[in-house]
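Descriptive analysis of the structure
These are the residues of each chain, in order.
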Amino acid sequence: MSIFSSGDPLNAIVCDVGQYATKIGFAGEDYPRAYFRSNVAAIREGDDPNAPKTKTTTTTSSNDDQKQKEKRRPIVDLNYDYYNRPICSRASDPKEWHDGNWETQNPVDATTGLWYDPHSYNESSGGGADWYDQLELMVQHGYKTSLANAQPENHPFLLMEKSYNPPPIRQQTLECLFEGALQMPAVFLAKDATLACYACGRTTGTVVDMGYGGTTVTPVYEGYVETKGIHRSPVGMLEMDERILQTLDHFGSKQKQPPFLPLYQVKHNKSTPRRADPFHHLARLYVAQGCREEGVGAAVDTTSTAVAFAARNAPFTLPDGQTVNIPPNHRFAVANLLLDKDEQERRDEIVEARKKKLSSYINDANANSDNDKETKVFTDASAVGISSTRRGRKRQASSPKKETPQPKTSFSNRLLQKACIPYLQTYLEEHLTASPLPAMVCDAAYRCDRDQQPQLLGNVVLAGGGACLGPTEQAVPDFLREKVETMIHAHTPGWRVKVLSPGITERKVCSWLGGSILGSLGTFHEMWITRAEYEEYGTAIVNRKCP
Ligand SMILES: Nc1ncnc2c1ncn2[C@@H]1O[C@H](COP(=O)(O)OP(=O)(O)OP(=O)(O)O)[C@@H](O)[C@H]1O
């Protein structure tokens, strides 16, 4: 009898790769073993991490740029600890510190919130994309640092994904986990919204996931996502932090001074040279994030007793020791970017910018596929599959004597992009919204069948780190319940709204907790996609076995 049907504990690994943080740990435990930033510094094959960054002085035509992009080498290493100090910092004199050829990367695309990579095309990795390399390295990092002696090939792996993740990306993810360096024995992809419901002891509910790159509202009915009701606002904690940065610069006690300095510059008496823009900006965002997490930068304007507490000017100390007093109207405005109709104009601007970016993804994918002789293979999304060169390269690296298997199909990032076009179009037209959060919750439920609506609104599940916004633990749940109730009582006075959310420490890993519960159930064993099934049916099995 296979271990997957015997009911024995399998010590499955549960992993959530979000735009802000990756959470990874053993199923059955009550907190992830590792919680680390997904926004990493990455280095490509052949780049010397200690060499200073070479500045190119020659100007290249856009055609050359395109070629350059297409020849990007695969990412080989990631650095997770670079926020407050330059990466190549071995020299004793801070003036010589630099970031070498490291660049900032995130496996999650900021525009869609998906593991999607619109620009990169690694020729040498058989057409794979950056997110593919990063996902692999990210999971390996989790194993190395926090999962003691666990080896990826010995543990089934439950990975959570966004509810609107398109089938071609799911297939490609499955390939990444079974092939390459990871060689998992069994895999399951679960929807984060369904898992958040499980974590709150429900199988039906409207899940509000307030994440870093955006906020998603997903109706889940009896364990299945109701896709037609999914709403996503591009306003997440990142947008709030950008707004807090402006506030901190504006209210810095030395008025008309340059923007405040991040920690890495203050620590060394400003002798550290200013880092390249993305690193410098991230270091400043880190300060803004601290300001938000302390409950100073953003506050929810509830009508409960919390108001009195929130209505004072709140002091925040910058890395250089100066204190900034942030008035309540600014703190409320930051949270209202997502929560209330006051900030509708700003939200419209953000959504418009995202729509433009998405349209450019779709146009690029269309243009690329017009020139692509191979596209006929991928007119059906289920055909997206293994990259022969990549599989050969990785397998040879781990066991040189093994024969390289023949590819089932040939995959490239360009072809994956083409397969994703219809799903991106749906995301653009149906999911993306500029509504405030309470309206998103009502709309999501109203798009479902009438007989499902009372249950969906009676179980609003709050998940994600953004749901921890202050000034009190209950600020977001109370605010949401009051507003949603007011809205629905205009049409259906008898309906009750209940907002469920775990305590503040568990809220930011709510979906992970649901995965931990699911992965430890004996009855879940037969759900895994085993390696034998993957080898027999190929990547398309993910769409059949993981609903
Ligand atoms: N106690 C807290 N108070 C305020 N914010 C918090 C707290 N804890 C975490 N956060 C914020 O939550 C955010 C991360 O949330 P989460 O882990 O849900 O994001 P993610 O899942 O990685 O992102 P996404 O859902 O966009 O992929 C961070 O911006 C972090 O600052």
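Residues numbered from 1 in each chain as written. Predicted model: local features only at pLDDT ≥ 70, side-chain atom pairs only at ≥ 80, totals over all residues. Heavy atoms only, no water.

- As recorded by an unreviewed UniProt entry, the chain carries the name Actin and is attributed to Seminavis robusta.
- Heading Catalytic activity (unreviewed entry) of the UniProt record for the chain holds this comment: "ATP + H2O = ADP + phosphate + H(+)".
- According to UniProt, the comment filed for the chain under the heading Sequence similarities (unreviewed entry) is "Belongs to the actin family." (UniProt positions renumbered as here; feature names shortened; annotations may be inferred.)

As for unusual backbone geometry
- Between G470 and P471 the backbone carries a cis peptide bond, its omega angle lying at 15°.
- Inspection of the secondary structure puts P471 in the loop between β15 (460-463) and α15 (475-489).
- Unlike most non-glycine residues, Q183 shows phi in positive territory, near 55°.
- Tracing the backbone through its elements, the reader meets Q183 in the loop between α3 (167-178) and β8 (186-191).
- Phi is positive for E222, close to 45°, though the residue is something other than glycine.
- Along the chain, E222 falls in the loop between β10 (215-221) and β11 (224-225).
- Under the relative-accessibility criterion, E222 is labelled exposed at 53%. (Helix = DSSP H or I, 4+ residues; strand = E, 2+ residues; numbered from the N terminus. Buried < 20%, exposed > 50% of the residue type's maximum accessible area, 1.4 Å probe, protein only.)

Regarding the sheet that holds strand β5 (residues 75-79)
- The three strands lie next to each other as β5-β4-β6, forming an open sheet whose pairing is antiparallel. Edge positions in the sheet fall to β5 and β6 (103-105), since each has one partner strand and no second. For this sheet the average axis-to-axis angle between neighbouring strands, irrespective of direction, equals 45°.
- One ladder, built from four bridges, connects strand β4 (residues 40-44) with β5; its direction is antiparallel. Across the sheet, A42 pairs through a bridge with L78, a residue of β5.
- Together, β4, β5 and β6 form the strand contacts of helix α2 (residues 130-146), whose direction differs from that of β5 by roughly 55°. (Pairing = 2+ DSSP bridges. Axes fitted to C-alpha atoms, helices over the stretch in contact; angles between N-to-C directions. Contact = heavy atoms within 4.5 Å.)

What to know about the pattern of salt bridges
- Enumeration over the complete set of coordinates arrives at 19 salt bridges.
- One salt bridge in this structure joins D81 and R85, with 3.1 Å as the shortest N-O distance.
- Judged by its relative accessible area of 34%, R85 is partly exposed.
- The partner of R243 in a salt bridge is E343, with the nearest N and O atoms 3.3 Å apart. A residue pair is termed long-range when its members are at least 10 positions apart, and R243 in helix α5 (residues 237-251) and E343 in the loop between α9 (328-339) and α10 (344-370) qualify at 100 residues. Each member of the pair, R243 together with E343, is buried.
- Taken together, the shared-partner salt bridges connect R44, E103 and D130 into one network. (Salt bridge = Lys/Arg side-chain N within 4 Å of Asp/Glu carboxyl O.)

Some remarks on the packing of aromatic side chains
- Across all of its chains, the model carries twelve aromatic pairs by this definition.
- Judged by centre distance (5.1 Å) and plane angle (35°), the ring pair of Y164 and Y427 falls under tilted. Here the residue Y164 occupies a position in the loop between β7 (157-161) and α3, and Y427 occupies one in helix α12 (residues 413-431), the gap between them amounting to 263 residues. Taken as a pair, Y164 and Y427 share a single burial class, namely buried.
- Ring pairing ties together the aromatic residues Y82, Y83, F279 and Y286, which thus form one cluster.
- In this structure, R275 packs its charged tip against the face of Y264, placed 5.3 Å from the ring centre.
- Note that K508 overlies the ring of Y35, its terminal NZ or CZ placed 5.1 Å from the centroid. (Phe/Tyr/Trp six-rings, centres within 6.5 Å; stacked < 30°, edge-to-face > 60°. Lys NZ or Arg CZ within 6 Å of the ring centre and 35° of its normal.)

Considerations on the site of the ligand
- What surrounds the ligand is a group of 19 residues, the closest being Q19, Y20, A21, E293 and G465.
- In the environment of the ligand, an oxygen atom lies 3.0 Å from a nitrogen or oxygen atom belonging to the side chain of K23.
- G465 is positioned such that a nitrogen or oxygen atom in its backbone is 2.9 Å from an oxygen atom of the ligand.
- Out of a free accessible area of 650 Å², the ligand has 91% covered by protein chains.
- Listing elements by their share of the shell around the ligand, those giving two or more residues are β2 (21-26) and α7 (277-293).
- Considering every element that reaches the shell around the ligand, the biggest residue donor is α7, with three residues.
- A per-class count over the shell around the ligand returns six nonpolar, eight polar and five charged. (Near = heavy atom within 4 Å. Polar contact = N/O pair within 3.5 Å; in protein donor to acceptor, adjacent residues only side chain to side chain. Areas by Shrake-Rupley, 256 points an atom, 1.4 Å probe, with all protein chains shown as cover. Nonpolar A, V, L, I, M, F, W, Y, C, P; charged D, E, K, R; others polar.)

So, the environment of R202
- In this fold, R202 is placed in the loop between α4 (192-199) and β9 (205-210).
- Taking C-alpha positions, R202 is 8.1 Å from N459, a pair spaced 257 residues apart along the chain.
- Filtering out sequence-adjacent residues up to four positions away, R202 remains in contact with C197, N459, K498 and L500.

Topic: α2
- With 17 residues, α2 extends 24 Å from end C-alpha to end C-alpha; this agrees with the ideal 24 Å at 1.5 Å per step.
- The element α2 is largely enclosed, with a buried count of 13 among its 17 residues.
- Positive backbone phi, approximately 45°, marks A148, located one or two places after α2. (Expected span 1.5 Å × (residues − 1).)

Things to note about the environment of D16
- In this fold, D16 is placed in strand β1 (residues 13-17).
- Looking at D16, the relative accessible area reads 13%, which means it is buried.
- Separated by 420 residues in sequence, D16 and P436 have C-alpha atoms that sit 26 Å apart.
- Residues within four places of D16 in sequence aside, it is in contact with A21, T22, K23, M160 and W512.

Some words on α15
- The terminal C-alpha atoms of α15, which comprises 15 residues, lie 21 Å apart, in line with the 21 Å expected from a rise of 1.5 Å per residue.
- Among the residues of α15, those classed as buried are A475, V476, P477, F479, L480, V484, E485 and I488.

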